[in-house]
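# Architecture at a glance
One letter stands for each residue in the lines below.
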Amino acid sequence: MKTVKLGLLVVLLVAGVGLTMSTAAADQYSARRATSVKVVWRQPMRSHVYHLKRDARYSRHLRVRYAPKRDAKRVAWISDAHEKVYDRYTKKAAIYYHVRERHGHRSGWVWRGYLHEKVARPATAPTV
């Protein structure tokens, strides 16, 4: 009877550790990604309003991928800087924009292919 309880306890512990590792894997630090990327230049830019096609926000130098939120596609994101990043493994460069939420709660670096520019101001009616 003790061996059955011990076996059940071991199975539950292994399952619990596996679940914890799989949920934490999406948000964890990637040493390979952090060392494979080199920032070529970073510059401030004028503010533009965007919607995201895909919520793939990263920290500076793309070290940590932030957990995606369900409402990220509906949120208006404002860009304030951009950077050119060179990937040493693929030997390709990409442009990332620093975006922040209007209210300033969330921010991150997003590849410009995942941004969809939103019309900030509606067209004005002609005056007569």
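The notes below deal with the structure included here. As the structure is a computational prediction, the values presented were derived from the model and not from experiment.

On a plain count of helices and strands, the chain comes out with two helices and five strands. Per-residue burial over the chain gives 27% buried out of 128 residues. Counted over contacts in the chain with a minimum sequence separation of 6, partners at least 24 positions apart contribute 61%. Surface exposure of the chain reaches about 9,500 Å², of which carbon and sulfur atoms provide 59%.

Turning next to the environment of Ala72. The topology assignment puts Ala72 in the loop between strand 1 (37-52) and strand 2 (77-87). The exposure class of Ala72 is buried, given its relative accessible area of 1%. As a C-alpha pair, Ala72 and Arg106 span 34 residues in sequence and 9.7 Å in three-dimensional space. Among all residues touching Ala72, those that are not within four sequence positions of it are Leu52, Asp55 and Trp77.

Take the pattern of salt bridges next. Enumeration over the complete set of coordinates arrives at five salt bridges. Across the salt bridge formed by Glu83 and Arg42, the nearest N and O atoms sit 2.7 Å from each other. Taken as a pair, Glu83 in strand 2 and Arg42 in strand 1 lie far apart in primary sequence, 41 residues in all. Glu83 gets classed as buried once you look at its relative accessible area, which sits at 0%. Overall, the relative accessible area of 33% leaves Arg42 in the partly exposed class. Through salt bridges with shared partners, one network takes in Asp71, Glu101 and Arg106.

The strand order across the open sheet built from five strands is 4-3-2-1-5, with neighbouring strands paired in antiparallel fashion. At either end of the open sheet lies a strand with only one pairing partner, and these are strand 4 (107-111) and strand 5 (115-117). Taking each pair of neighbouring strands and ignoring which way they run, the sheet shows an average axis angle of 30°. The pairing of strand 1 with strand 2 spans ten bridges and is antiparallel.

Where strand 2 lies against strand 3 (residues 92-101), ten bridges are found, and the strand directions are antiparallel. The residue bridging Asp87 from the neighbouring strand is Lys92, located in strand 3. The hairpin formed by strand 2 and strand 3 contains four residues between the paired strands, and Lys91 there has a positive phi angle of roughly 60°.

A word on the packing of aromatic side chains. Centre-to-centre distance and the angle between the planes together describe a pair of aromatic rings. The full count for this structure, using the stated rule, is two aromatic pairs. Considering the side-chain rings of Trp111 and Tyr114, the 5.1 Å spacing of their centres and the 90° angle between planes classify their relative orientation as edge-to-face. Overall, Trp111 belongs to the partly exposed group, its relative accessible area being 35%.

On to the nonpolar core. Core analysis: the biggest nonpolar cluster contains ten residues, these being Tyr50, Leu52, Ala72, Val75, Trp77, Ile95, Tyr97, Val99, Val110 and Leu115. When residues of this core are traced back to their parent elements, those giving at least two are strand 1 and strand 3. The biggest single contributor to this core is strand 3, with three residues. Discounting residues that sit within four places of it in the chain, Val75 has contacts with Tyr50, His51, Glu101 and Arg106. Membership of the second largest hydrophobic core comes to eight residues, among which are Tyr58, Ala81, Val85 and Tyr96.

About the criteria used
- Residues numbered from 1 in each chain as written.
- Predicted model: local features only at pLDDT ≥ 70, side-chain atom pairs only at ≥ 80, totals over all residues.
- Heavy atoms only, no water.
- Helix = DSSP H or I, 4+ residues; strand = E, 2+ residues; numbered from the N terminus.
- Buried < 20%, exposed > 50% of the residue type's maximum accessible area, 1.4 Å probe, protein only.
- Contact = heavy atoms within 4.5 Å.
- Areas by Shrake-Rupley, 256 points an atom, 1.4 Å probe, with all protein chains shown as cover.
- Salt bridge = Lys/Arg side-chain N within 4 Å of Asp/Glu carboxyl O.
- Pairing = 2+ DSSP bridges.
- Axes fitted to C-alpha atoms, helices over the stretch in contact; angles between N-to-C directions.
- Phe/Tyr/Trp six-rings, centres within 6.5 Å; stacked < 30°, edge-to-face > 60°.
- Core = buried A, V, L, I, M, F, W, Y, C linked by side-chain atoms within 4.5 Å.

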